[in-house]
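Report on the structure
Residue strings, one per chain:
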Amino acid sequence: MPRGRYSLYDPHDHTPLGDEHFQCAAGPSGWRYVSQIIAPSGAETGSVDLAVDALGRPLRLQLRTADWQVRGAALNGVTWVRTDPDGEHATEGNVRAHGFTGTSPAFLVALARLSRLTPGAPATRLRLVTFTAPVLAPRTVDQAWALVSRTAHPTDNAPLEVDEYQVSALDTGEQHTVHLAGDVVLAAPGIELEELESPPSVFD
């Protein structure tokens with residue numbers, strides 16, 4: 001069960017946004033990721049709880065910031081409910097989309113699993129719903145994912161396979177690179193892996 005810490009920063013000006021302390025686990029029925037987000041000041045500013053099935057489809061998503069929370073799942077596309085902490089102002093949403101995305105590294109692992117690409121295969125197009133921090137406002141985006149390479153790196157145990165993905169925003173044409181090892185993000189825009197207490201889990 002990998003656990004560790006990511007540092008989060010603004011990918012444009014590199015302003016530190018805090019740390020995401022996480023643990024995740026893969027099993028025959030899917031994968032689950034839970035985390036707490038800590039601001040540079042040391043205050044907890046949010047949390048992520050994402051569970052996906054063996055195909056990468058979101059079974060349950062729970063996002064929380066100081067003033068908002070979202071619960072979502074794959075249902076007729078993807079469906080979610082966004083509320084304030086007291087639950088007085090709830091709004092529901094539904095989009096014919098493949099899954100969710102956002103700033104958490106959890107989404108990159110889930111989407112790589114969902115795309116199920118092999119190196120050199122044509123890119124796959126994904127329609128996704130992202131929630132903009134800190135108010136968790138929903139927005140639909142289209143991305144193309146391509147698995148550029150898979151490289152085995154020697155370790156003290158078995159070789160560690162690192163996947164390099166190219167992710168393209170289809171509305172702007174902007175591209176970025178994501179490096180994954182199993183269910184751990186090694187590097188991505190706005191994300192750096194700072195601590196890892198146990199090796200990544202390997203998906204079947």
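For the structure, check the block above.
Residues numbered from 1 in each chain as written. Predicted model: local features only at pLDDT ≥ 70, side-chain atom pairs only at ≥ 80, totals over all residues. Heavy atoms only, no water.

Any empty space left between atoms is shown by rolling a water-sized probe over those atoms. As enumerated under the stated definition, the model contains 1 cavity of 30 Å³ or more in all. Looking at the largest cavity, its volume works out to about 50 Å³. Taken together, Leu-50, Val-52, Gly-56, Pro-58, Gly-99, Phe-100, Phe-107, Ala-110, Leu-111 and Leu-114 make up the full set of residues lining the largest cavity. Of the residues that constitute the lining of the largest cavity, the class distribution is 8 nonpolar, 2 polar and no charged. (1 Å grid on protein atoms, 1.4 Å probe; cavity = no way out; pocket = protein on both sides within 12 Å on 5 of 7 lines; lining within 4 Å. Points joined across faces, edges and corners; volume = space filled by probe spheres on them. Nonpolar A, V, L, I, M, F, W, Y, C, P; charged D, E, K, R; others polar.)

Moving on: the layout of surface pockets. Put simply, the largest pocket is a space of about 1,400 Å³. If you add up the space inside the second largest pocket, you get close to 620 Å³. Around the second largest pocket, the lining comprises 23 residues; the ones closest to its centre are Ala-181, Gly-182, Ser-201, Val-202 and Phe-203. Elements with a contribution of two residues or more to the lining of the second largest pocket: helix H1 (105–115), strand E12 (160–169) and strand E13 (175–181). When residues in the lining of the second largest pocket are grouped by element, the largest group, 4 residues, is from E12. Residue composition of the lining of the second largest pocket, by class: 13 nonpolar, 4 polar and 6 charged. (Helix = DSSP H or I, 4+ residues; strand = E, 2+ residues; numbered from the N terminus.)

With that out of the way, let us pick up H1. Most of H1 is tucked away, with 11 of its 11 residues classed as buried. Regarding H1, the residues found buried are Pro-105, Ala-106, Phe-107, Leu-108, Val-109, Ala-110, Leu-111, Ala-112, Arg-113, Leu-114 and Ser-115. Arg-116 lies just past H1 and shows a positive phi near 50°. (Buried < 20%, exposed > 50% of the residue type's maximum accessible area, 1.4 Å probe, protein only.)

Before going further, it helps to spend a moment on the nonpolar core. Formed by 43 residues in total, the largest nonpolar core has its most connected members in Trp-31, Phe-131 and Trp-145. Considering every element that reaches this core, the biggest residue donor is H1, with 8 residues. Setting aside anything within four residues of it in sequence, one finds Trp-145 in contact with Leu-108, Leu-111, Ala-112, Leu-117, Ala-123, Thr-124, Leu-126, Tyr-165, Gln-166 and Val-167. (Core = buried A, V, L, I, M, F, W, Y, C linked by side-chain atoms within 4.5 Å. Contact = heavy atoms within 4.5 Å.)

So, on to the environment of Asp-84. The residue Asp-84 is located in the loop between strand E7 (78–83) and strand E8 (91–95) in this model. Given the relative accessible area of 9%, Asp-84 is considered buried. Remark: the alpha-carbon pair of Asp-84 and Gln-69, spanning 15 residues in sequence, is separated by 6.3 Å. Beyond its immediate sequence surroundings of up to four residues, Asp-84 is in contact with Asp-67, Trp-68, Gln-69 and His-89.

The next point concerns the pattern of salt bridges. Taken as a whole and judged by the stated rule, the model has 9 salt bridges. Between Asp-49 and Arg-32 there is a salt bridge, with its nearest N and O atoms 2.7 Å apart. On the criterion of sequence distance, the pair formed by Asp-49 in strand E4 (residues 44–53) and Arg-32 in strand E3 (residues 30–38) is long-range, its members being 17 residues apart. A salt bridge links Arg-57 to Asp-53; the shortest N-O distance between them is 2.7 Å. Accessibility expressed as a relative area gives 42% for Arg-57, which makes it partly exposed. Relative accessible area serves as the criterion here: at 12%, Asp-53 is assigned to the buried category. Connected through salt bridges with shared partners, the residues Arg-5, Asp-19 and Glu-195 form a single ionic network. (Salt bridge = Lys/Arg side-chain N within 4 Å of Asp/Glu carboxyl O.)

On to the pairing of E13, then. In this sheet, E13 lies alongside E12 in antiparallel orientation, the contact comprising 6 bridges. Along E13, the bridge assignment pairs Gln-166 with Thr-177. Taken together, E12 and the strand that follows it, E13, pair antiparallel across an intervening segment of 5 residues, in which Gly-173 is found at a positive phi of about 80°. Sheet topology places E13 next to strand E14 (residues 184–188); 3 bridges connect them, and they run antiparallel. Residue pairing in the sheet places Ala-181 in a bridge with Val-184 of E14. Hairpin connection, E13 to E14: the antiparallel pair is bridged by 2 residues, and Gly-182 has positive phi, about 60°. (Pairing = 2+ DSSP bridges.)

Purely geometric stuff here, so don't read any function into it on its own.
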